[in-house]
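Each chain is listed here by its residues.
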Amino acid sequence: MRHLLSGLLALTLFCTAACQSTEKEQQQEGESSTPVTRVDTTPNQIMHLALTDTLPYPIVEDFDDLAPIFSRTDDKIYVINFWATWCAPCVEELPYFERLAEETNPEEVEIVMVSLDFRRDVRTKLWKFIKNRPFDLPVIALTDSKTNVWIDKVDPEWGGAIPITIVYHQDKRLFIAEQFANYEELATAVRSFQ
């Protein structure tokens, strides 16, 4: 029985690999072959933002171009996390967001990870981090250096430290200005909107 299951699993993996799109075959050498959901499900954009050339995420140089993600009025719950690859607490909590994506319906909960990696690193360090993880969450790289202008637009309580998370549904909004200690804290925040 074990050999039969192993054979079926191997056959399934072979068929899956054989059916990958041409776009996957054209990815850069050395890139993880694990499917990246955000690229497959939204080939040209993440939310309203166009992808940037060959990167699987948009680079936003002006916060005002990102601002619409904070005011959607549809029936979804939005979870927006500000993080960076250089921020240890941010990286520590990433598995909680990945688990949330696995355990929620994307038609009901949309998660967006806003990277605050330095402008010089969004095509190198951030890209390497995402392709090596593998990282299946939608990422937007925000490189607007005028933080003194846009931080208050995100939330007046935000002092600029990361990670922070905003969970909202229509007019109801929750601002979390600290790292989640565990997955349950994040899940509880999201469930408070259901």
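Here the structure is a predicted model, which means the values were calculated and not measured.

**Structural notes on the state of the cysteines**
Working step 1: Scanning the model with the defined rule gives one disulfide in all.
Working step 2: Note on cysteine connectivity: cysteine 87 is disulfide-linked to cysteine 90, with sulfurs 2.3 Å apart. When the S-S torsion is 75 degrees, as for the bridge of cysteine 87 with cysteine 90, the disulfide is right-handed.

**A short note on the nonpolar core**
Working step 1: Counting residues in each nonpolar core, the largest one holds 56 residues, and the members touching the most others are Phe82 and Trp158.
Working step 2: When residues of this core are assigned to their parent elements, the largest contribution, six residues, is made by strand E4 (residues 77-83).
Working step 3: When neighbours within four sequence positions are excluded, phenylalanine 82 is seen to be in contact with Phe70, Cys90, Val114, Leu116, Leu142, Trp150, Val154, Trp158, Ile162, Pro163 and Ile164.

**A short note on the sheet that holds strand E7 (residues 164-169)**
Working step 1: The strand order across the open sheet built from six strands is E3-E6-E5-E4-E7-E8, with neighbouring strands paired in mixed fashion. A single partner strand is all that each edge strand has here, and the edge strands are strand E3 (59-60) and strand E8 (172-176).
Working step 2: Of the strand pairs in this sheet, E3 and strand E6 (residues 139-142) are connected by two bridges, and their pairing is parallel. Along E6, the bridge assignment pairs valine 60 with leucine 142.

**A few points about unusual backbone geometry**
Working step 1: The amide bond that connects isoleucine 162 to the next residue, proline 163, takes the cis arrangement and shows omega of 10 degrees.
Working step 2: Tracing the backbone through its elements, the reader meets proline 163 in the loop between helix H7 (147-154) and E7.

**Remarks on the side chain of lysine 76**
Working step 1: You can see lysine 76 is positioned in the loop between helix H4 (63-66) and E4.
Working step 2: Among the polar contacts made by the side chain of lysine 76, one reaches the side chain of glutamate 110 at a distance of 2.8 Å.
Working step 3: Residues within four places of lysine 76 in sequence aside, it is in contact with Pro106, Glu107, Glu108, Glu110, Tyr168 and His169.

**Thoughts on the side chain of threonine 143**
Working step 1: Within the fold, threonine 143 resides in the loop between E6 and H7.
Working step 2: Not counting residues up to four positions away in its chain, the partners in contact with threonine 143 are Ile59, Val60, Glu61, Arg119 and Val122.

**Concerning the pattern of salt bridges**
Working step 1: Throughout the structure, instances matching the rule amount to eight salt bridges.
Working step 2: The residue lysine 153 makes a salt bridge to aspartate 64 at a minimum N-O spacing of 3.1 Å. Placement of lysine 153 in helix H7 and of aspartate 64 in helix H4 is noted, with a sequence separation of 89 residues between them.
Working step 3: The class of lysine 153 is partly exposed, set by a relative accessible area of 48%.
Working step 4: Residue class for aspartate 64 comes out partly exposed when judged on its relative accessible area of 45%.
Working step 5: Across the salt bridge formed by lysine 76 and glutamate 110, the nearest N and O atoms sit 2.8 Å from each other. You can see lysine 76 sitting in the loop between H4 and E4 and its partner glutamate 110 sitting in strand E5 (residues 109-115), a full 34 residues away along the chain.

Each value, and the rule that gives it
Residues numbered from 1 in each chain as written. Predicted model: local features only at pLDDT ≥ 70, side-chain atom pairs only at ≥ 80, totals over all residues. Heavy atoms only, no water. Disulfide = S-S within 2.5 Å. Core = buried A, V, L, I, M, F, W, Y, C linked by side-chain atoms within 4.5 Å. Buried < 20%, exposed > 50% of the residue type's maximum accessible area, 1.4 Å probe, protein only. Helix = DSSP H or I, 4+ residues; strand = E, 2+ residues; numbered from the N terminus. Contact = heavy atoms within 4.5 Å. Pairing = 2+ DSSP bridges. Polar contact = N/O pair within 3.5 Å; in protein donor to acceptor, adjacent residues only side chain to side chain. Salt bridge = Lys/Arg side-chain N within 4 Å of Asp/Glu carboxyl O.

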